Amino acid sequence: MKTKIFETTKNDIEEASRLIQNGEVVAFPTETVYGLGADATNESAIKKVFVAKGRPADNPLIMTVADAAQLDEFVTISDQARGLMDHFWPGSLTIILPIKPGKVSMLVTGGLQTVAFRLPANDAARTLIRVAGVPIVGPSANTSGKPSPTTAQHVWHDMQNKIAGIVDDGPTQVGVESTVVDMSISTPIILRPGAVTQPQLEEVLQMKVIDATSTESVASNVTPKAPGMKYRHYAPDKNVVMFDELDALELKQVLAPNDVVMAKDDMIEKMALTNHQAWSLGNTLETATEQLFAGLRFYDDDSQITTIYVQKMPPIGIGKAFNNRLGKAAGNQEFQN
Ligand code: TXA
Ligand code: MG
């Protein structure tokens, strides 16, 4: 299959929507990462998504919508969940809700009684879904296990000739996947940290939200229900190691010629690294998060490189999401001197 590249013009998006209507798979931009779109009501189309990604069948898919009214057919929405939608949609929040029996394909839910919904803040994505006239499944558009794609070129790298098309809307803004919050139970649980944070959710809900990915929750035995969590994620083939800013100068001492560093600009300066040794994570938590997967993907494709050292971020705001993805990419390996 020859993968067609679409721009975000009206004509191109309409053509891409027709491919979706015809049961084909088209990658689409969102503000977080690129997704793999297919008609969420068409089982043969959904199967193609699992094949293209090489994704295990028991790992459920997100349903992506253009309008909150598209949910009513499939799920029951509590007042609390409605409040989150009103406040955070369109945006980087995926909400897990109980399904109306028989309304959602087992291929989407992986056999669970719940389904995850997201309404992205990207005009091209919403137009694509609106014109297609159906919700689309929307897993990240990477090969299963690899870092999520933040550019159409990353999608092309993993999906060329495996899917019908890619809608190219340039680099994504956030750089890591949406926050996933489970609203199907009485106490909301964050299953994946993202740009929408635990304090923000608690403020809107006016109730306690548990972060299943924080060390305190793991210690207190909250069992996470995200089936995806048991799989290897975001993992380049290269050796990835995290480092703390306090250890930067020690790291510099032992850096081998085939090692590279991903760090914020002030850190690159402090360590006196050359352009060849360093990938800039910019100046802020936001730029670092936006650049994380791009840097990992860049070095993963460079046969000269042995180890990628990546600076950890302070665990505040989106820093939690950054450290969560970095920890998975590094298999939690930390630089010790
Ligand atoms: O930002 C995003 O959310 C991106 C863009 C493309 O929208 N999509 C994305 O989808 O990251 P995916 O499939 O790569 O990650 C969704 C995560 C998986 O870990 C999956 O296991 C979990 O959400 N998930 C999906 N449905 C679930 C459910 N019903 N219960 C628990 N976890 C669920
Ligand atoms: Mg994914």
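Computed from a predicted structure; not experimentally measured.

J.: Would you mind going over the overall build of the protein with me for this structure?
T.: When its secondary structure is counted, the protein shows 12 helices and 15 strands. What you see for the protein is a C-alpha radius of gyration of 20 Å, in line with the 20 Å of a compact globule of 337 residues. Referenced to the eigenvectors of the C-alpha coordinate spread, the extents of the protein come out at roughly 60 × 50 × 30 Å. Expressed as a percentage of its 337 residues, the buried residues of the protein come to 55%. When contacts within the protein are restricted to residue pairs at least 6 apart in sequence, long-range pairs at least 24 apart make up 66% of them. Put simply, the protein shows about 14700 Å² of open surface, and 51% of that area lies on carbon and sulfur atoms. Between the mean site of the 30 positive side-chain charges and the mean site of the 39 negative ones, the protein shows a separation of 6 Å.

J.: Is there a simple way to think about the confidence of the model for the protein in this case?
T.: Close inspection of predicted coordinates is inappropriate for parts of the model with low pLDDT. Of the residues in the protein, 94% have a pLDDT of 70 or more, and the chain-wide mean is 94. The model gives residues 219-224 a pLDDT under 50, and that stretch makes six contacts with residues more than four places away or in other chains.

J.: Help me understand the pattern of salt bridges in this model?
T.: Taken as a whole and assessed by the stated rule, the structure comprises 11 salt bridges. Residue Glu202 pairs with Lys208 through a salt bridge whose shortest N-O separation is 3.8 Å. Given a relative accessible area of 56%, Lys208 falls into the exposed group.

J.: It is not clear to me how the packing of helix H3 (residues 79-88) against helix H7 (residues 198-205) should be interpreted in this structure. Could you clarify?
T.: The packing of two helices is summarised by the inter-axis angle and the distance between the axes. For the pair H3 and H7, the least separation of the axes is 9 Å and the interaxial angle reads 120°. One element, H3, and the other, H7, form an angle in the oblique class. Where H3 crosses over H7, the two elements pack in a sense that is right-handed. Touching Gln80, Gly83, Leu84, His87 and Phe88 of H3 are Gln200, Leu201, Val204 and Leu205, all from H7. Split into classes, the residues belonging to the contact of H3 with H7 amount to five nonpolar, four polar and no charged.

J.: What's the story with the packing of aromatic side chains in this structure? I'm lost.
T.: Enumeration over the complete set of coordinates arrives at five aromatic pairs. A ring pair is formed by Trp279 and Phe298, whose centres lie 5.2 Å apart and whose planes are at 40°; its orientation type is tilted. Of this pair, Trp279 sits in strand E14 (residues 278-280) while Phe298 sits in helix H11 (residues 285-300), placing them 19 residues apart in sequence. Look at Tyr309 and Phe335: their rings are 6.0 Å apart centre to centre, the planes differ by 90°, and that puts the pair in the edge-to-face class. Pair noted here: Tyr309 is in strand E15 (residues 307-311) and Phe335 is in the segment after helix H12 (319-329), with a separation of 26 residues, a long-range link. An aromatic cluster is built from Trp279, Phe298 and Tyr299, whose rings are joined through pairwise contacts.

J.: So what exactly am I meant to see when it comes to the sheet that holds strand E3 (residues 35-39) here?
T.: Within a sheet, neighbouring strands are paired by backbone hydrogen bonds and run either parallel or antiparallel to one another. Spatial ordering of the open sheet is given by E1-E8-E2-E3-E7-E4-E6-E5-E9-E10-E11, a layout of 11 strands whose pairing is mixed. Lying at the two open borders of the sheet, with one neighbouring strand each, are strand E1 (4-6) and strand E11 (210-211). The sheet strands contacting helix H2 (residues 43-53) are E3 and strand E7 (136-137), and the helix crosses E3 at an angle near 155°.

J.: Which parts of the structure should I look at to understand the sheet that holds strand E12 (residues 239-243)?
T.: Strand order in the open sheet formed by four strands is E12-E15-E13-E14, with parallel pairing between adjacent strands. Edge positions in the open sheet fall to E12 and E14, since each of these has one partner strand only. In this sheet, neighbouring strand axes are inclined to one another by 20° on average, regardless of whether the strands run parallel or antiparallel. Both strand E13 (residues 259-263) and E14 contribute to a ladder of three bridges, which runs parallel. Within E14, the residue paired with Met262 across the bridge is Trp279.

J.: Please explain the side chain of Asn324 as it appears in this structure.
T.: Within the fold, Asn324 resides in helix H12. Judged by its relative accessible area of 16%, Asn324 falls in the buried class. If sequence neighbours within four positions are ignored, Asn324 has contacts with Pro193 and Thr213.

J.: Honestly, the site of ligand 1 in this entry has me stumped. Any pointers?
T.: In the vicinity of ligand 1 lie 27 residues, with Thr32, Asn59, Arg118, Ser140 and Ser178 positioned nearest. Measuring from an oxygen atom of ligand 1, one finds a side-chain N or O atom of Arg118 at 2.8 Å. Side-chain polar atom of Ser178 to an oxygen atom of ligand 1: 2.5 Å apart, as the coordinates give it. Summarising the interface, the protein chains cover 95% of the accessible area of ligand 1, which totals 680 Å² for the free molecule. When contributions to the shell around ligand 1 are tallied by element, the ones reaching two or more residues are strand E5 (93-98), strand E6 (114-118) and strand E10 (189-192).

Cut-offs and rules
Residues numbered from 1 in each chain as written. Chains lettered and ligands numbered in written order. Predicted model: local features only at pLDDT ≥ 70, side-chain atom pairs only at ≥ 80, totals over all residues. Heavy atoms only, no water. Helix = DSSP H or I, 4+ residues; strand = E, 2+ residues; numbered from the N terminus. Rg over C-alpha atoms; globule rule 2.2 N^0.38 Å. Buried < 20%, exposed > 50% of the residue type's maximum accessible area, 1.4 Å probe, protein only. Contact = heavy atoms within 4.5 Å. Areas by Shrake-Rupley, 256 points an atom, 1.4 Å probe, with all protein chains shown as cover. Lys, Arg positive; Asp, Glu negative; His and termini not counted. Charge placed at Lys NZ, Arg CZ, Asp CG, Glu CD. pLDDT = per-residue confidence, 0-100. Salt bridge = Lys/Arg side-chain N within 4 Å of Asp/Glu carboxyl O. Axes fitted to C-alpha atoms, helices over the stretch in contact; angles between N-to-C directions. Parallel < 35°, antiparallel > 145°, perpendicular 65-115°, else oblique. Left-handed = near helix turned anticlockwise from the far one by under 90°. Nonpolar A, V, L, I, M, F, W, Y, C, P; charged D, E, K, R; others polar. Phe/Tyr/Trp six-rings, centres within 6.5 Å; stacked < 30°, edge-to-face > 60°. Pairing = 2+ DSSP bridges. Near = heavy atom within 4 Å. Polar contact = N/O pair within 3.5 Å; in protein donor to acceptor, adjacent residues only side chain to side chain.

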